[in-house]
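Here is what each chain is made of, one letter per residue.
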Amino acid sequence: TRSTMQNAEGTTVDLYIPRKCSATNRLITGKDVGSVQINIAHVDANGSYTGAYSTVAMCGFIRQSGKGDAALTRIWEEKQRAERA
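These remarks concern the structure in this document. (Residues numbered from 1 in each chain as written. Predicted model: local features only at pLDDT ≥ 70, side-chain atom pairs only at ≥ 80, totals over all residues. Heavy atoms only, no water.)

### Re the overall build of the protein
Now for step 1: Counting secondary structure elements, the protein contains two helices and six strands.
Now for step 2: For the protein, the N- to C-terminal ordering of α and β elements is β-β-β-β-β-β-α-α.
Now for step 3: Compactness check: the protein gives a C-alpha radius of gyration of 17 Å against a globular reference of 12 Å for 85 residues, more than 25% above the reference.
Now for step 4: By residue count, 16% of the 85 residues in the protein fall in the buried class.
Now for step 5: Considering only contacts in the protein between residues 6 or more positions apart, those separated by 24 or more positions represent 35%.
Now for step 6: As displayed, the protein has an accessible area near 6,600 Å², and 50% of this comes from carbon and sulfur atoms. (Helix = DSSP H or I, 4+ residues; strand = E, 2+ residues; numbered from the N terminus. Rg over C-alpha atoms; globule rule 2.2 N^0.38 Å. Buried < 20%, exposed > 50% of the residue type's maximum accessible area, 1.4 Å probe, protein only. Contact = heavy atoms within 4.5 Å. Areas by Shrake-Rupley, 256 points an atom, 1.4 Å probe, with all protein chains shown as cover.)

So, in structure tokens, the structure goes:
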């Protein structure tokens, strides 16, 4: 039998929802212990937190190859350009 998980309302939900790497669009498996998920806070003109954030997920492959900083910068700049347009 397949085990199922239910939320508080009694609706059946998936046991595991895989994430995708924001830099490579690869699926991040449960065994990828080098992966991270980063929440970047949105701030107003005064530098105060607005309560909103953007989530970025990175697989261990990007971090291990030393390209994590560059990938995070590129992803954030793309999100900023998309918001301005």
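### A closer look at the nonpolar core
Side chains of nonpolar character tend, in soluble globular proteins, to be buried together.
Now for step 1: With ten residues, the main nonpolar core is built from C21, I28, I40, V56, A57, M58, C59, I62, A71 and I75.
Now for step 2: Taken together, the elements giving at least two residues each to this core come down to β6 (49-58) and α2 (68-84). (Core = buried A, V, L, I, M, F, W, Y, C linked by side-chain atoms within 4.5 Å.)

### Here's the deal with the environment of A82
Now for step 1: Here A82 lies in helix α2.
Now for step 2: Separated by 50 residues in the primary sequence, A82 and D32 place their C-alpha atoms 30 Å from one another.

### A word on unusual backbone geometry
Now for step 1: Positive phi, normally seen in glycine, also occurs at N25, with a value near 65°.
Now for step 2: In this fold, N25 is placed in the loop between β3 (19-20) and β4 (27-28).

### Quick word on the side chain of S54
Now for step 1: Relative to the assigned elements, S54 resides in strand β6.
Now for step 2: A residue is classified by how much of its surface remains accessible, and S54, at 9% relative accessible area, is buried.
Now for step 3: Side-chain polar atoms of S54 contact the side chain of H42, separated by 2.7 Å.
Now for step 4: With residues near it in sequence (within four places) discarded, S54 still touches I38, N39, I40, H42, W76 and K79. (Polar contact = N/O pair within 3.5 Å; in protein donor to acceptor, adjacent residues only side chain to side chain.)

### Digging into a nonpolar patch on the surface
Now for step 1: Judged by side-chain polarity, M5, L15 and Y16 come together as a nonpolar surface patch covering roughly 320 Å² of accessible area.
Now for step 2: Position of Y16 among the secondary structure elements: in the loop between β2 (12-13) and β3.
Now for step 3: Given a relative accessible area of 48%, Y16 falls into the partly exposed group. (Patch = residues over 30% accessible without salt bridge, like charges linked within 9 Å, V, L, I, M, F, W, Y side chains within 5 Å. Salt bridge = Lys/Arg side-chain N within 4 Å of Asp/Glu carboxyl O.)

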